[in-house]
Number of protein chains: 2
Amino acid sequence: MSFNLATILRESAETAPDKPLVHAGEHSLTYAQVDEISGRVASGLLALGLEPGDKVAIQLPNLPQFLFGYFGILKAGLVVVPLNPLLTAPEVAYHLTDSDARLLITFEQFAAAATQGAREAGGVPTYAVAYGALPDGTRDFEELIAAEDSGEIHPTSSDDTAVLLYTSGTTGKPKGAELTHFQLYMNCTASGEVFGVSSADISAAVLPLFHVFGLSSVLNVTVRFGSSLVLIPRFEPEAVLDAVERHGVTIFSGVPTMYFALLQLDVTGRDLSSLRAAVSGGASIPGEVIRAFEEKFPGVIVLEGYGLSETASTATFNISAEQRKVLSIGKPIWGVQVRVVGADGRDLPPGEDHVGEIVVRGHNIMKGYYKKPEATAEAIRDGWFRTGDLGYRDDDGYFFVVDRLKDLVIRGGYNVYPREVEEVLYGHPAVAEAAVVGRPDDRLGEEVAAYVALKPGADADVEALAAYCRERLAAYKYPREIHLLPELPKGSTGKILKRRLRG
Amino acid sequence: MSFNLATILRESAETAPDKPLVHAGEHSLTYAQVDEISGRVASGLLALGLEPGDKVAIQLPNLPQFLFGYFGILKAGLVVVPLNPLLTAPEVAYHLTDSDARLLITFEQFAAAATQGAREAGGVPTYAVAYGALPDGTRDFEELIAAEDSGEIHPTSSDDTAVLLYTSGTTGKPKGAELTHFQLYMNCTASGEVFGVSSADISAAVLPLFHVFGLSSVLNVTVRFGSSLVLIPRFEPEAVLDAVERHGVTIFSGVPTMYFALLQLDVTGRDLSSLRAAVSGGASIPGEVIRAFEEKFPGVIVLEGYGLSETASTATFNISAEQRKVLSIGKPIWGVQVRVVGADGRDLPPGEDHVGEIVVRGHNIMKGYYKKPEATAEAIRDGWFRTGDLGYRDDDGYFFVVDRLKDLVIRGGYNVYPREVEEVLYGHPAVAEAAVVGRPDDRLGEEVAAYVALKPGADADVEALAAYCRERLAAYKYPREIHLLPELPKGSTGKILKRRLRG
């Protein structure tokens, strides 16, 4: 009954050891090489005294070392805690403390915030991937791969947690969604099958691998089906097209903002014929964008899916061009059930007039939020995970998301949780009321906008408030616009009416 | 994280509701029909007050009702306890008591022993599938399918026990191997994939569905991949060929004795061209039989696999004609590891001179023996299941079984555990020593032979001993030959030397 998610790497490596798994810049690594190097990481971690179930945080961009670390941690029977490289020092400290991380693997570029955060979290040992000088306060990641690969994969139980994936869910402080070996295996298997992924595919990994979409739907699917992965550390539209031409990429996965950017490019003279499919997720993609994209890239179909960190990642998917409904998130994948329920928890009939909350059940639902039984009980009721997203089902069983969560702001593919930003604003001595909403933005999909009412007699200008937020929040989170109002609009119960702010 | 094995039926029924799932005699049932009827069984069982985790025994031959019961029990979140229809009343009582069964579903033909056993087990309610008059002491199985199908599948946890499968393991009283929803899902998925099963396949179910080979490798694989199943309640070689011709069977799965029998047939004038593969398991199949079979049935490949109840079922398999090694049990399936270890538990090097015990680890290993922690600890050590079978690995990673367990007798595809027979013999007042071994038999593979030494001055003849056994053991178990010896051969430690009896 033992099962370790790293089995997906071992089995593909045994089937085709010399097949390239990763292309990164000038370098390529085969399945056998990644299997061996990640085995060394496992040995290195265990030699440090870490024990099965211990948490190891990994804060790396899309580099081969992400795979070494990820599979190494799994092979050792440890739990992967992927962190966003853009976190500030206090955010790093929060995540390390909350996850009980015993070790942090970071990148030279983020080492300042990472090491400061690790110190604040009580001195979590920090290893850095560095091409230049080793940053202060870190040890060399190379030390972790100096050990021998024992070839052993720790026989975790299938229901053991494999990944603690931080998300704020609907609101509040980030919580670690416990994703199990079983859950992640089932999700990459069902997603890849529905999508017809095979070892002949070459996928472009431009989505960050620390995010559920990149981790489960791109990395795990690739490894499970013995495909190849072209790592693109930073989204640059031209770099994506270069990768397609150079490596013969067949699958591109991205968030809508990436599609907007790719549409702006001149593709004259490029051979992009290898591309067969483009997966969109993370936010709703407008129908006109799909049509324009497919016109610009003939032979490519854009397929939209839906999922959350807690659903690891895919819950629904548009299977194929023939079965696709534009604007729909598709149908549940194998083994997953989706319902639309009213405020009373009862099923709503099909039809766009019957919008309710989307709830999900099946193998893809997280075990729970780490050490947060109340938040878990709130999120999973009677076995059904409440997504907090509003949508409806049509007569053919296709699902549609109407409002991508009441309040969530998705800026350039990153989730920004208004309440987290609001809590920072509320920390400023002059602030009386604060509300953060998304403002439509051509480039980023949404921009973070804050509305603030000052305390009577208090004195603070917009620049000071912006600087205050910038110091305390990751670059993608702090509000780009701050509007001062005498008072925020409120409903009869006194609750701030965000919809009035959105206009 | 919830997962119920019955999802394999629901998903295939949603994909192709009108596809035939079962052909039985003149009748065929579609996926939608089996999904609906099994849903009624689930409703019927829950209406009786059964609660998730409760055990329900099912003692049916290969009839559609087996599928209704099996998937109905699973859908209700209950645990299936498949029983051999040939068990005697005391054996039925033992299995019902040991498994804590709350209900028994049996067949008219076996109802006498079943009802007596159910009474002895404290009055377990017994439902019978009956085409004639309802047997005394039973209720009609039809009552269980009178309820409405709620459409609901109980969201069991993936590591919950789905099936309690009785086996004696290496020795002793039958023990219930706890097979989980996850384990059985993974096994049918990995087995079907390695074998290239698709919805175009039609499988002949001549192996009993209550046995792990028939249950997991035939029934579950069929349903998982949306194929069709031709039920053959009793192995008759001509009936198998008739089914192939009539339904276009593509896959035949059997034990070696079935292959021996099929080889004796005249196939002149028959169109058996649909058959593509024949799977052999349950015992070693001689190389000459494989060659003769493939000559007689052109276009068919015989592929040998290996597994036990505790490995649910497949552990290793010969993937394809190209990759097959005759006489080998093949290589481990996806996600399964196999080793050959010496008496000290260490790995033996490859080569036929290095015979050791075959041990297995992975998703396919049972949770344990129900309520038998000591037997479980004995069977699974450091996460590795000790098969008790002796074998070796060659340089290419193929495994070979040398001795199909030291003592086990396989009579016509049924496991006969010598110790169980010996215990009965030891129960006779005149018996001093007893040893049961397998004697090679052309028709059955092996026949059960007993060697007995009587107590000094005791008086019993061979006929009396045979009658004594026949009363207490299923028809396939009791010894057909009993030899009286003055004393059984023993080694220096006093242990009876069975190999001397085998000659």
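These numbers were taken from a predicted model, which means no experiment stands behind them.

Cut-off values and rules
- Positions within a chain are numbered from 1, following the residues in the order the chain's sequence is written.
- Naming scheme: in the order in which they are written, chains are lettered from A and ligands are numbered from 1.
- Only residues with pLDDT of at least 70 are given local features in this predicted model, and only at 80 or more are side-chain atom pairs given and counted; all residues enter the totals for whole chains, interfaces and linings.
- For the side-chain quantities, the full set of heavy atoms in the structure was used; hydrogens and water were omitted.
- The helix count covers DSSP runs of H or I at least four residues long, the strand count covers runs of E at least two residues long, and both are numbered beginning at the N terminus.
- In this setup the radius of gyration rests on C-alpha atoms only. A globule is expected at 2.2 Å times the number of residues raised to 0.38.
- Only protein chains enter the area calculation, which uses a 1.4 Å probe; residues under 20% of their type maximum are buried, those over 50% are exposed, and those in between are partly exposed.
- By definition in these notes, contact holds between two residues if any of their heavy atoms fall within 4.5 Å.
- Just so you know, the domain bounds were taken from an automatic or database domain assignment.
- By definition, the buried area sums, over both parts, the 1.4 Å-probe accessible area that each loses when the two are put together.
- For this document, the term salt bridge refers to a Lys or Arg side-chain nitrogen within 4 Å of an Asp or Glu carboxyl oxygen.
- Structural elements are reduced to axes, namely lines fitted to C-alpha atoms, with helices fitted over the stretch in contact, and the angle between N-to-C directions of any two is expressed from 0 to 180 degrees.
- Reported orientations rely on four angle classes, namely roughly parallel under 35 degrees, roughly antiparallel over 145, roughly perpendicular from 65 to 115, and oblique for the rest.
- Counting of polar contacts relies on pairs of N or O atoms within 3.5 Å, with two restrictions inside protein: one atom must be capable of donating a hydrogen and the other of accepting it, and residues adjacent in sequence are counted only when both atoms are side-chain atoms.
- A pair of strands counts as paired when DSSP detects no fewer than two bridges linking them.
- The atoms used to superpose the copies are C-alpha atoms, taken from residues with pLDDT of at least 70 in both, and the fit is least squares.
- Two cysteine sulfurs form a disulfide in these notes if their separation is within 2.5 Å.
- Crossings are classed by handedness, with left-handed meaning an anticlockwise turn of the near helix from the far one by less than a right angle and right-handed meaning a clockwise turn.
- Nonpolar residues are Ala, Val, Leu, Ile, Met, Phe, Trp, Tyr, Cys and Pro. Charged residues are Asp, Glu, Lys and Arg, and all others, Gly as well, are polar.
- Convention used here: a crossover is right-handed provided that the path from the first strand, over the helix, to the second strand proceeds clockwise when the strands point away from the viewer.

Chemist: Quick one: what's the story with the overall build of chain A, residue by residue and with numbers?
Modeler: Across its full length, chain A carries 15 helices and 27 strands. Taken over C-alpha atoms, the radius of gyration comes to 22 Å for chain A, in line with the 23 Å a tight globule of 503 residues would show. Based on the C-alpha atoms only, the size of chain A along its principal axes is roughly 65 × 55 × 50 Å. Within chain A, the fraction of its 503 residues that count as buried is 61%. Considering only contacts within chain A whose residues lie at least 6 apart along the sequence, 68% involve residues at least 24 apart.

Chemist: An account of the domain arrangement of chain A is requested, with residue identities and associated values reported.
Modeler: Think of interface size as the accessible area that goes away when the parts come together; that is how it is often given. Segmenting chain A into domains produces domain 1 (24–179) and domain 2 (408–501). For domain 1 of chain A versus domain 2 of chain A, the separation of C-alpha centres amounts to 32 Å.

Chemist: Can you lay out the interface of chain A and chain B for me, pointing to particular residues and giving the numbers?
Modeler: With 28 residues of chain A in contact, the opposing surface of chain B contributes 28 residues. When chain A packs against chain B, the two sides together hide about 2400 Å² of surface, and 55% of this comes from carbon and sulfur. When the shortest N-O distance is used, the salt bridge between Arg224 of chain B and Glu193 of chain A registers 3.6 Å. For the side of chain A that touches chain B, the elements supplying multiple residues, two or more each, are α1 (7–15), α7 (181–194) and β18 (356–362) of chain A. The element contributing the most residues to the side of chain A that touches chain B is α7 of chain A, with four residues.

Chemist: So, the packing of helix α3 (residues 64–75) of chain B against helix α8 (residues 212–224) of chain B: which residues are in play, and what are the values?
Modeler: All names here are of chain B. One way to put it is that α3 packs onto α8 with a least axis distance of 13 Å and a crossing angle of 85°. In terms of orientation, α3 and α8 fall into the roughly perpendicular class. Contact residues: α3 offers Phe66, Leu67, Tyr70 and Phe71, while α8 offers Leu215, Leu219, Asn220 and Val223.

Chemist: Any details on the side chain of Ser313 of chain A? Residues and values, ideally.
Modeler: Residues and elements named next belong to chain A. Its location among the elements puts Ser313 in the loop between β14 (301–307) and β15 (314–317). Of note is the side chain of Ser313, whose polar atom sits 2.6 Å from the side chain of Ser217. Among residues more than four places away in sequence, those in contact with Ser313 are Asn187, Val212, Phe213, Ser216, Ser217, Tyr306, Gly307 and Leu308.

Chemist: Which residues make up the pattern of salt bridges, and what values go with them?
Modeler: All names here are of chain A. Enumeration over the complete set of coordinates arrives at 52 salt bridges over all chains. Between Glu26 and Arg246 there is a salt bridge whose closest N-O contact spans 3.8 Å. With a gap of 220 residues between them, Glu26 in the loop between β1 (20–24) and β2 (27–30) and Arg246 in helix α9 (residues 237–247) connect regions that are remote in the sequence. Its relative accessible area of 51% is what places Arg246 among the exposed residues. Linked through salt bridges whose partners overlap, the residues forming this network are Glu238, Asp242, Glu245 and Arg270.

Chemist: Tell me what's going on with helix α4 (residues 89–99) of chain B, and back it up with residues and numbers.
Modeler: Residues and elements named next belong to chain B. Where burial is concerned, most of α4 is hidden: eight out of the eleven residues are buried. Along α4, the residues classified as buried are Ala89, Glu91, Val92, Ala93, His95, Leu96, Asp98 and Ser99. One or two steps after α4, the chain reaches Asp100, where phi turns positive at roughly 60°.

Chemist: Residues and numbers for the environment of Asn318 of chain B, please.
Modeler: Residue and element names in this part refer to chain B. Structurally, the position occupied by Asn318 is in the loop between β15 (314–317) and β16 (331–332). The class for Asn318 is buried, based on a relative accessible area of 1%. Separated by 102 residues in the primary sequence, Asn318 and Ser216 have C-alpha atoms spaced 17 Å apart. Residues within four places of Asn318 in sequence aside, it is in contact with Leu303, Glu304, Gln323, Arg324, Lys325, Ser328, Ile329, Gly330 and Tyr398.

Chemist: Tell me about the sheet that holds strand β10 (residues 202–205) of chain A, and please be specific about residues and values.
Modeler: By definition, the strands of a sheet pair up through backbone hydrogen bonds, in either a parallel or an antiparallel sense. Residues and elements named next belong to chain A. Strand order across the open sheet formed by nine strands is β2-β1-β11-β10-β12-β13-β14-β15-β16, with mixed pairing between neighbours. Each having just a single partner strand, β2 and β16 (331–332) make up the two edges of the open sheet. By the bridge criterion, three bridges tie β14 to β15 in an arrangement that is antiparallel. The residue bridging Gly305 from the neighbouring strand is Phe317, located in β15.

Chemist: Can you explain the relation of the copies chain A and chain B? Please cite residues and give values.
Modeler: Overlaying chain A with chain B gives an RMSD of 0.1 Å, the required rotation being 180° about an axis along which the chain moves by 0.1 Å. Such a combination of turn and shift is consistent with a two-fold rotation axis. Using C-alpha coordinates, one finds that chain A approaches the rotation axis most closely at Asp159 of chain A, a distance of 3.5 Å. Interface overlap between copies: 100% of the residues of chain A at the interface are likewise at the interface in chain B, consistent with a symmetric, same-surface contact.

Chemist: Got a sec to walk through unusual backbone geometry? Specific residues and values, please.
Modeler: Residue and element names in this part refer to chain A. Here Ala312 and Ser313 are connected by a cis peptide whose omega angle stands at -15°. A positive phi angle is found at Asp382, which is not glycine, with a value near 50°. Along the chain, Asp382 falls in the loop between β20 (380–381) and β21 (384–393). Note on Asp382: relative accessible area 76%, which makes it exposed.

Chemist: Just give me the short version of the sheet that holds β15 of chain B, but keep the residues and values in it.
Modeler: With respect to topology, nine strands assemble into an open sheet ordered β2-β1-β11-β10-β12-β13-β14-β15-β16 (chain B), the strand pairing being mixed. Edge strands, defined here as strands with exactly one partner in the open sheet, are β2 (27–30) and β16 of chain B.

Chemist: How would you summarise the state of the cysteines if you had to cite specific residues and measurements?
Modeler: Joining two cysteines, a disulfide is a covalent bond between their sulfur atoms. In the structure shown here, the tally under the stated rule is zero disulfides over all chains. No disulfide involves Cys188 of chain B; its sulfur sits 17 Å from the nearest other cysteine sulfur, which is in Cys188 of chain A.

Chemist: Before we move on, can you summarise the packing of helix α13 (residues 418–427) of chain A against helix α14 (residues 462–472) of chain A with the specific residues and values?
Modeler: All names here are of chain A. Between α13 and α14, whose axes approach to 10 Å, the crossing angle comes to 120°. It follows that α13 is oblique to α14 by the angle criterion. Seen along the crossing, α13 lies across α14 with a hand that is right-handed. Residue-level contacts link Val424, Leu425 and Gly427 of α13 to Tyr468, Cys469 and Arg472 of α14. Per-class residue counts for the contact of α13 with α14 are four nonpolar, one polar and one charged.

Chemist: Which residues make up the environment of Val452 of chain A, and what are the values?
Modeler: Residues and elements named next belong to chain A. Among the secondary structure elements, Val452 is positioned in strand β26 (residues 445–454). Residue classification places Val452 among the buried residues on the basis of a relative accessible area of 0%. C-alpha separation for the pair Val452 and Leu485, spaced 33 residues apart in sequence, amounts to 6.0 Å. The residues contacting Val452, other than those within four sequence positions of it, are Leu425, Val431, Glu433, Ala434, Leu465, Ile482, His483, Leu484, Leu485 and Leu488.

Chemist: Any chance you could break down the pairing of strand β10 (residues 202–205) of chain B for me, citing the residues and the numbers?
Modeler: Residue and element names in this part refer to chain B. In β10, alternate side chains face the same way, and those of Ile202 and Ala204 on one face and Ser203 and Ala205 on the other are all buried. As paired elements, β10 and strand β11 (residues 228–231) share four bridges and run parallel to each other. Counterpart to Ile202 in the pairing with β11 is Ser228. A crossover connection joins β10 to the parallel β11 through α8; in handedness this β-α-β unit is right-handed. Both β10 and strand β12 (residues 251–254) contribute to a ladder of two bridges, which runs parallel. Bridge pairing in β12 links Ala204 to Phe252.

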